Amino acid sequence: MSRPMLIARDVRKDFGSFTALQGVSLDIHGGEVLCIIGPSGSGKSTFLRCLNQLERLDGGGIWIDGEMIGYRREGDKLYPLPDKDVARQRLATGMVFQRFNLFQHMTALENIIEGPVTVQKRKKAEAIDEAMVLLERVGLADKRDAYPSQLSGGQQQRVAIARALAMKPKLMLFDEPTSALDPELVGEVLQVMRGLAQSGMTMIVVTHELGFAREVAHRVVFMDRGAIVEAGSPQQVLGNPQQARTRDFIAAVLN
Amino acid sequence: MHAETQKAGNDSWAGDYNVSGLQIVAPRHYGRWLAAFAIIAILLFIVKAFADGQIAWKVVGQFFTATAILNGLVNTIIMTVCAMVLGIVLGVVFAIMVMSPNPVLKGVAVFYIWFFRGTPLILQLLLWFNLALVFPRLGIPDVFSIRTVEVITPFVATLLGMGINQGAYTAEVVRSGILSVDSGQTEAAAAIGMTRLTALRRIVMPQAMRVIIPPVGNEVISMVKLTSIASVIQYSEILRNAQTIYYANNYVIEMLFVAAIWYLAVVTVLSIGQHFLERHFAKGHRKPDDVQKAEAAA
């Protein structure tokens, strides 16, 4: 088998005396869709944030396409990378947040072209053309000039997905993308994500939507108390969980 | 339903509930009229007092556009602009330094804010103006130097005093503005590959401006009037020039009126400018009913 796109080895993270991640190891291959489920406080969002360096690791390592992220390795020593290199490495991943985090002072279109124009220094006209294709893809071409405050939660999240895609990432990270949405708006966001999965995008999705995980994921990981408890195919983990904690969690979510 | 209404119409009590032909009468605001009469009476009294008082209104008109006064006005405006620009630049730099993870930069910024907010402005002006007492010559030894009194003119002393003092206050205003922007905005900026400084410039500062502008506008207005303090170190702004004139012609109140009217005029213009600036930076933060109106229009 070829080398995985993303390799995480024994990832540890502490917040003061609280251990959020106690040694998480995970491989993800190109084109794979992985869903991480688990109770709140289980460390699944923290793990995702470690993957694009919004949190710095307290131990272990993460490699994307063979490049160690966040650190430069010399022998047995790890030197933290400067801000500029961290920013460059983040281009490999696109991130979608629970609370959308659209830039409030920019329109939908301006949000999408901000990365390509300001960070990647690409031509504005070209960036706008591509942004319009993306807006079309998430079904919001008519909202190009709307400010985030004028959009519903579901629309904001779809623009946020388009903004992440505009950077042409290798890997998309979703941090509970539907948790802040009204129930009737969840479907439109999942629809966009389903389409993205079908197009072959590599995705890691932290979610409570077990139906989505069952239908779209190639692999489901159940995390609890900062560690992976169980991992496998959706049928295995969701349909026939082997661990008591997984069973309890799935029963609690379904009821 | 219809049948029931018909039935009620036939009952004897139902007539009291007939709403056709009712008229809403606007409430009478007796209090407002009373207040208006009282205020007008007081105003008339004040106007009469000034009309009868020993004020030569002709002199006010005569000196309103006197060369010395207009020069003072220009100097006041120039100083306000220069000191404010210096203050804002220093304010932004020191606000970023205060929030920096670098303890050295943070320490320097904390000291700067502590020192310049902690001493009176007039004292700082006098210190700058008398710098020559400590350092008779400025420059790099053996390469270049110049006599301090030639560099530290009243203009330079006032600019340094006011601008550096203003920077200490503006730093705190800018810091509160930066803090007002949700941390999710910085994270989203980082996620699309922005460095810390780019995120600050492109994402955080434009949104912080909404919070920063009202207090800075307030301080610009304050600065217009604070320049009058520079009269103690011979900077010839409006008030000092007005004083110079009344030392000669003895029309004290008249000249003070001239200065007061000019200050009010400048401040009024600035207030209008602030309104438009605030509107520009409210982008994306329109009030909910504006959004509704926009949607209704579309």
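Preceding this section is the structure that the text describes.
Cut-off values and rules
Residues numbered from 1 in each chain as written. Chains lettered and ligands numbered in written order. Predicted model: local features only at pLDDT ≥ 70, side-chain atom pairs only at ≥ 80, totals over all residues. Heavy atoms only, no water. Phe/Tyr/Trp six-rings, centres within 6.5 Å; stacked < 30°, edge-to-face > 60°. Helix = DSSP H or I, 4+ residues; strand = E, 2+ residues; numbered from the N terminus. Buried < 20%, exposed > 50% of the residue type's maximum accessible area, 1.4 Å probe, protein only. Contact = heavy atoms within 4.5 Å. Buried area = accessible area lost by both parts, 1.4 Å probe. Salt bridge = Lys/Arg side-chain N within 4 Å of Asp/Glu carboxyl O. Polar contact = N/O pair within 3.5 Å; in protein donor to acceptor, adjacent residues only side chain to side chain. Nonpolar A, V, L, I, M, F, W, Y, C, P; charged D, E, K, R; others polar. Core = buried A, V, L, I, M, F, W, Y, C linked by side-chain atoms within 4.5 Å. Pairing = 2+ DSSP bridges. Axes fitted to C-alpha atoms, helices over the stretch in contact; angles between N-to-C directions. Patch = residues over 30% accessible without salt bridge, like charges linked within 9 Å, V, L, I, M, F, W, Y side chains within 5 Å. Areas by Shrake-Rupley, 256 points an atom, 1.4 Å probe, with all protein chains shown as cover.

Undergrad: Would you mind showing me how to read the packing of aromatic side chains here?
TA: Any aromatic ring pair is given by two values, namely how distant the centres are and how the planes are angled relative to each other. All names here are of chain B. Counted according to the given criterion, the structure contains 11 aromatic pairs over all chains. Each ring, one from Phe 50 and one from Phe 257, has its centre 6.0 Å from the other, and the planes form 45°; the classification is tilted. Here Phe 50, found in helix H2 (residues 30–52), pairs with Phe 257, found in helix H12 (residues 252–281); they are 207 residues apart in sequence, far enough to count as distant. Residue classification places Phe 50 among the partly exposed positions, given a relative accessible area of 36%. The class for Phe 257 is partly exposed, based on a relative accessible area of 25%.

Undergrad: Would you take a moment to explain the interface of chain A and chain B for this structure?
TA: Interface size is commonly expressed as the accessible surface area that is lost when the partners come together. At the junction of the two partners, chain A supplies 27 residues and chain B supplies 25 residues. Of the roughly 2200 Å² buried where chain A meets chain B, counting both sides, 57% is carbon and sulfur surface. At the boundary of chain A and chain B, one finds 2 salt bridges. For Arg 202 of chain B, the salt bridge goes to Glu 114 of chain A, with nearest N and O atoms at 2.7 Å. Across the chain A-chain B interface, the total number found is 7 residue pairs in polar contact (both at pLDDT 80 or more). Contributions of two or more residues to the side of chain A that touches chain B are made by helix H2 (83–90), strand S8 (93–96) and helix H3 (108–119) of chain A. Here the residues of the side of chain A that touches chain B are counted per class, giving 11 nonpolar, 9 polar and 7 charged.

Undergrad: So what exactly am I meant to see when it comes to the environment of Leu 173 of chain A here?
TA: Residues and elements named next belong to chain A. Relative to the assigned elements, Leu 173 resides in strand S9 (residues 171–175). For Leu 173, a relative accessible area of 0% puts it in the buried group. Along the backbone, Leu 173 and Thr 93 are 80 residues apart, and their C-alpha atoms lie at a distance of 6.9 Å. With near-sequence residues (within four places) excluded, Leu 173 lies in contact with Leu 48, Leu 51, Asn 52, Thr 93, Gly 94, Met 95, Val 96 and Ile 204.

Undergrad: Teacher, can you tell me more about the nonpolar core here?
TA: Note that soluble globular proteins tend to have their nonpolar side chains buried in a common cluster. Residues and elements named next belong to chain A. In this structure, Ile 161, Met 172, Phe 174, Met 193 and Met 203 are the most contacted members of the largest nonpolar core, which totals 51 residues. Here the element with the most residues in this core is helix H6 (residues 183–198); it accounts for 8 residues. Setting aside residues up to four positions removed in sequence, Met 172 forms contacts with Gly 94, Val 96, Ile 161, Ala 164, Leu 165, Leu 196, Met 201, Thr 202, Met 203 and Ile 204. In this structure, Leu 34, Phe 47, Leu 51 and Met 223 belong to the second largest nonpolar core, which totals 40 residues.

Undergrad: Would you mind going over the side chain of Glu 114 of chain A with me for this structure?
TA: For Glu 114 of chain A, the position within the fold is in helix H3. Since its relative accessible area comes to 4%, Glu 114 of chain A is described here as buried. Engagement of the side chain of Glu 114 of chain A in a polar contact is seen with the side chain of Arg 202 of chain B, the distance being 2.7 Å.

Undergrad: Quick question: what am I supposed to make of the sheet that holds strand S3 (residues 33–37) of chain A here?
TA: For sheets, the rule is that strands pair by backbone hydrogen bonds, running either parallel or antiparallel. All names here are of chain A. In space, the 6 strands of this open sheet follow the order S8-S9-S10-S3-S11-S12, with mixed pairing throughout. Only two strands of the sheet have a single partner each, and these edge strands are S8 and strand S12 (227–232). Taking the axes of each pair of neighbouring strands and ignoring which way they run, one obtains an average angle of 20° across the sheet. Pairing of S8 with S9, which is carried by 4 bridges, proceeds in the parallel orientation. Note that in S9 the partner of Thr 93 across the bridge is Leu 171. Sitting on the sheet, H6 touches S3, S9 and strand S10 (202–206), and the angle it makes with S10 is about 145°.

Undergrad: Please explain the side chain of Asn 101 of chain A as it appears in this structure.
TA: Position of Asn 101 of chain A among the secondary structure elements: in the loop between S8 and H3. Within the structure, the side chain of Asn 101 of chain A is placed 3.2 Å from the backbone oxygen of Gly 184 of chain B, a separation counted as a polar contact. Residues within four places of Asn 101 of chain A in sequence aside, it is in contact with Arg 163 of chain A together with Asp 182, Gly 184, Gln 185 and Ala 188 of chain B.

Undergrad: Just to check I follow, could you spell out the sheet that holds strand S4 (residues 59–64) of chain A for this structure?
TA: Residue and element names in this part refer to chain A. Taking strand neighbours across the sheet as the criterion, the 4 strands line up as S2-S1-S4-S5 in an open arrangement whose pairing is antiparallel. Since the sheet does not close on itself, it has two edges, and those belong to strand S2 (18–28) and strand S5 (67–68), each with one partner. Where helix H1 (residues 44–51) meets the sheet, its contacts fall on strand S1 (6–15), S2 and S4, and the angle it forms with S1 comes to roughly 120°.

Undergrad: Which parts of the structure should I look at to understand a nonpolar patch on the surface?
TA: Residue and element names in this part refer to chain B. Residues Ile 39, Ile 42, Leu 43, Phe 45, Ile 46, Phe 50 and Trp 57 make up a contiguous nonpolar surface patch of about 730 Å² in total accessible area. Tallying contributions element by element places H2 first for the nonpolar patch, with 6 residues. Mapped onto the fold, Ile 46 is located in helix H2. The exposure class assigned to Ile 46 is partly exposed, which follows from its relative accessible area of 38%.

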